[in-house]
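Examination of the molecular architecture
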Amino acid sequence: MQSPININMASTIFSPHLRAIQLSGYSLPANERLKLRNNGHTVVLELPQSLAITGGYAQQYRAVQLHLHWGATTGPGSEHTINGHRFAAEIHVVHYNTKYDSFKEAMVQPDGLAVLAAFLEMGPRDNPYYQELLDHMQQIQRDGEEVWVPGFNIASLLPVNLKYYYRYNGSLTTPPCYQAVRWTVFNQTMMISRDQMLKLITSLRNDDGKPLQSNYRQIQSLHGRRVLASFQ
Ligand SMILES: NS(=O)(=O)c1c(F)c(F)c(SCCc2ccc(C(=O)O)cc2)c(F)c1NC1CCCCCCC1
Ligand SMILES: [Zn+2]
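Quantities reported herein were computed from a predicted structural model and do not represent experimental measurements.

Thoughts on the confidence of the model for the chain
Residues with a pLDDT of 70 or more make up 100% of the chain, whose mean pLDDT is 98. We note a pTM of 0.98 for the whole complex and an ipTM of 0.98 for its interfaces.

So, in structure tokens, the structure goes:
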């Protein structure tokens, strides 16, 4: 049961038991340094385990890292699509189930991981929260480069409204593609400016030194899986 998938809104199932996502510990002080890394496939912000999902899932999950998927000047680059529509980009905040001792142990269990996903679209204004990451992309242009960024409110990278989302069981979208992810895909999208999107898609190089662009996996078959919706 692989990810990403196309979410056909007409075939989702309204599930009123799906509660609003609750985040705790996401607001980090500026004196807390976080590592931002170009790993040749995406830009990754390592997150302290003090960030936790405390609502909206049956169990508690703690943060591991967040990263982005984007396109190129020739087209959008979200991983999930809605009614066949691909958004400009997508953020993934990866967490592991605290009933397991470590991320490594959790990532091979069907309930081991929770990824919060939100779409990024282009709008008229700069997004100051995404700018906290984009400010440092020039410093990690090459594969393997890292830079320390000051802490900030990581929740500001996700929609204000964490009540409306799709939920389905799937996988990591990069090898080893373990089928360990309980996905949350928010209905509300994030807006960043055209200049910010250009910076995102033009700053990084991959392990071959070529532009790191369109780093999204192809849509995978649902194989009869149901996609739940926390809203009607
Ligand atoms: N959408 S996703 O969550 O499946 C995902 C991707 F699609 C990804 F493309 C990635 S990056 C590719 C995997 C990778 C490569 C190099 C390094 C390194 O040198 O540090 C690290 C990781 C990527 F890191 C992730 N997330 C990772 C899954 C792979 C390994 C465990 C780390 C946490 C989540
Ligand atoms: Zn991802």
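A few points about the coordination of the zinc ion (ligand 2)
Within the first shell, the zinc ion (ligand 2) binds the protein through H67 (NE2), H69 (NE2) and H92 (ND1), at distances of 2.0 Å. Given 4 donor atoms and angles of 100 to 116 degrees at the metal, the environment of the zinc ion (ligand 2) is assigned as tetrahedral. Going along the chain, you hit the donors of the zinc ion (ligand 2) in the pattern H-x1-H-x22-H. A residue pair is termed long-range when its members are at least 10 positions apart, and H69 in strand β7 (residues 61-70) and H92 in strand β10 (residues 89-97) qualify at 23 residues. By relative accessible area, which is 1% here, H92 ends up buried.

Some remarks on the packing of aromatic side chains
Scanning all chains against the criterion turns up 6 aromatic pairs. Pairing Y166 with F231 gives two aromatic rings, centres 5.3 Å apart and planes at 65 degrees, and the pair type is edge-to-face. Residue Y166 is found in strand β13 (residues 165-170), and its partner F231 is found in the segment after β16 (228-229); the two are separated by 65 residues along the sequence. Residue class for Y166 comes out buried when judged on its relative accessible area of 2%. Taking the relative accessible area as the measure of exposure, F231 reaches 15% and is therefore buried. Every member of this aromatic cluster is reached through a ring pair, and the members are Y164, Y166 and F231. Directly above the ring of Y57 sits R167, whose terminal nitrogen or CZ lies 3.8 Å from the centroid.

Reading the values: the criteria
Residues numbered from 1 in each chain as written. Chains lettered and ligands numbered in written order. Predicted model: local features only at pLDDT ≥ 70, side-chain atom pairs only at ≥ 80, totals over all residues. Heavy atoms only, no water. pLDDT = per-residue confidence, 0-100. Donors = N, O, S within 2.8 Å, 3.2 Å for Na, K, Ca; no water. Tetrahedral: all angles 85-135°; square planar, octahedral: opposite > 155°, others 65-115°. Helix = DSSP H or I, 4+ residues; strand = E, 2+ residues; numbered from the N terminus. Buried < 20%, exposed > 50% of the residue type's maximum accessible area, 1.4 Å probe, protein only. Phe/Tyr/Trp six-rings, centres within 6.5 Å; stacked < 30°, edge-to-face > 60°. Lys NZ or Arg CZ within 6 Å of the ring centre and 35° of its normal.

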